[in-house]
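In case you want the letters, here they are:
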Amino acid sequence: RTWKAFLKEELESQGKQGFEFVDEYYFRAWLSAGVKKWEKIPGNKLPEELEKGDLNAKKTNFDFLYQEFKLMASKDRDTYENLGDRESLYNTKEAKSCLYDLWESFEKDLESQNKVDPNLYKLKNCKNKFDKILLDEGQDGAFQPSNQLWEMAKDQHIYICMDPNQATRDILSKYGFFLAKIRMY
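Residues numbered from 1 in each chain as written. Predicted model: local features only at pLDDT ≥ 70, side-chain atom pairs only at ≥ 80, totals over all residues. Heavy atoms only, no water.

## As for the packing of aromatic side chains
All chains considered together, the criterion is met by 11 aromatic pairs. By way of ring pairs, the aromatic residues Y26, F27, W30, Y66, F69, W103 and F106 are connected into one cluster. (Phe/Tyr/Trp six-rings, centres within 6.5 Å; stacked < 30°, edge-to-face > 60°.)

Have a look at this one:
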């Protein structure tokens, strides 16, 4: 099964009905309107690191931000804000804090609209669900589903097929992530 098919079954079995799957295109539309709304809240201002030009500038374009949201989906605020330069696309704690605020706003929007982004959704109660899991094209996965797959495999029996040299849309390679997971067990 694909991740999306599995996620649909799991959500429906947990009572979530009538939801719609969305992707980075929904995120693009949300971000275009969402940042403007978010900045209108007193005290909210994008840090200088995120204001370089506009949302299409090198470090603030949609793809980079969506990629960073995929990373945030697998971390709590404190863990995310303390990631090093090689783990996150953004360097300052101020920028990471601001992005996490945006991430939480996006999560609330998805929930209120009954939408689910498969790259960002955190499943509940799925530990030790499968004896073994085979993940093909592992370099293409998002961090959140990858973390959850690890938890769903009994005794972390997960087989990952990937090419660390293959170009993917996601510039934060999962190769180091998977190697670190392997070393933990």
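## Looking at the confidence of the model for the protein
It should be kept in mind that the predicted coordinates are not to be read in detail where pLDDT is low. Overall, the prediction assigns the protein a mean pLDDT of 75, with 68% of residues at 70 or greater. A low-confidence stretch, residues 52-60 stays under pLDDT 50, and its non-local contacts, those more than four residues away or across chains, total 20 contacts. (pLDDT = per-residue confidence, 0-100. Contact = heavy atoms within 4.5 Å.)

## With respect to the nonpolar core
Counting residues in each nonpolar core, the largest one holds 23 residues, and the members touching the most others are F27, F69, W103 and F106. If you list the elements that add at least two residues to this core, you get α2 (24-39), α3 (62-72) and α5 (93-112). If one sorts the elements of this core by residue count, α5 sits on top with 7 residues. Apart from residues lying up to four places away in sequence, W103 is in contact with F69, M72, A73 and L120. (Core = buried A, V, L, I, M, F, W, Y, C linked by side-chain atoms within 4.5 Å. Buried < 20%, exposed > 50% of the residue type's maximum accessible area, 1.4 Å probe, protein only. Helix = DSSP H or I, 4+ residues; strand = E, 2+ residues; numbered from the N terminus.)

## Here we look at the pattern of salt bridges
Where charged atoms from two side chains of opposite charge come close, those side chains can pair. This structure, assessed with the given rule, holds 6 salt bridges. For the salt bridge of D101 with R77, the shortest nitrogen-to-oxygen distance reads 2.5 Å. In this pair, D101 is assigned in helix α5 and R77 in helix α4 (residues 77-81), connecting sequence segments 24 residues apart. We classify D101 as partly exposed; its relative accessible area is 27%. Residue R77 is classed as partly exposed on the basis of its relative accessible area, which comes to 24%. A cluster of three or more residues bridged by salt bridges with shared partners is formed by R77, E81, D101 and E104. (Salt bridge = Lys/Arg side-chain N within 4 Å of Asp/Glu carboxyl O.)

## Quick notes on unusual backbone geometry
Even without being glycine, N114 reaches a positive phi, approximately 55°. Within the secondary structure, N114 sits in the loop between α5 and β2 (115-116). N114 sits in the partly exposed class, given a relative accessible area of 24%.

## Concerning helix α1 (residues 3-13)
Owing to its 3.6 residues per turn, the α-helix aligns residues three or four sequence positions apart on the same side. Buried within α1 we find W3, F6, L7, E10 and L11. Along α1, the residues classed as buried sweep out an arc of 130° about the axis, all on the same side. A positive backbone phi angle near 90° is found at G15, which sits one or two residues after α1. (Arc of directions from axis to C-beta.)

## Thoughts on the environment of L65
Along the chain, L65 falls in helix α3. On a C-alpha basis, the gap between L65 and F27 in space is 9.4 Å, while along the polypeptide they are 38 residues apart.

## A few points about the packing of α3 against α5
Working note: a packed helix pair is described by the angle between its axes plus the distance between those axes. In the contact formed by α3 and α5, the axes pass within 10 Å of each other and the chain directions differ by 80°. If you check the angle between α3 and α5, you find them roughly perpendicular. Here α3 contributes L65, E68, F69 and M72 to the contact with α5, which in turn contributes L99, Y100, L102, W103 and F106. Across the contact of α3 with α5, the residue classes break down as 8 nonpolar, no polar and 1 charged. (Axes fitted to C-alpha atoms, helices over the stretch in contact; angles between N-to-C directions. Parallel < 35°, antiparallel > 145°, perpendicular 65-115°, else oblique. Nonpolar A, V, L, I, M, F, W, Y, C, P; charged D, E, K, R; others polar.)

## Brief notes about α5
Here α5 spans 28 Å end to end across 20 residues, near enough to the 28 Å set by a 1.5 Å rise per residue. If you check which residues of α5 are buried, you get A95, K96, C98, L99, Y100, L102, W103, F106, D109 and L110. Phi turns positive one or two residues past the end of α5, at N114, with a value near 55°. (Expected span 1.5 Å × (residues − 1).)

## Describing the environment of K70
Of note, K70 is situated in helix α3. By relative accessible area, which is 12% here, K70 ends up buried. Spatially, the C-alpha atoms of K70 and D117 are 9.9 Å apart, while their sequence positions differ by 47 residues.

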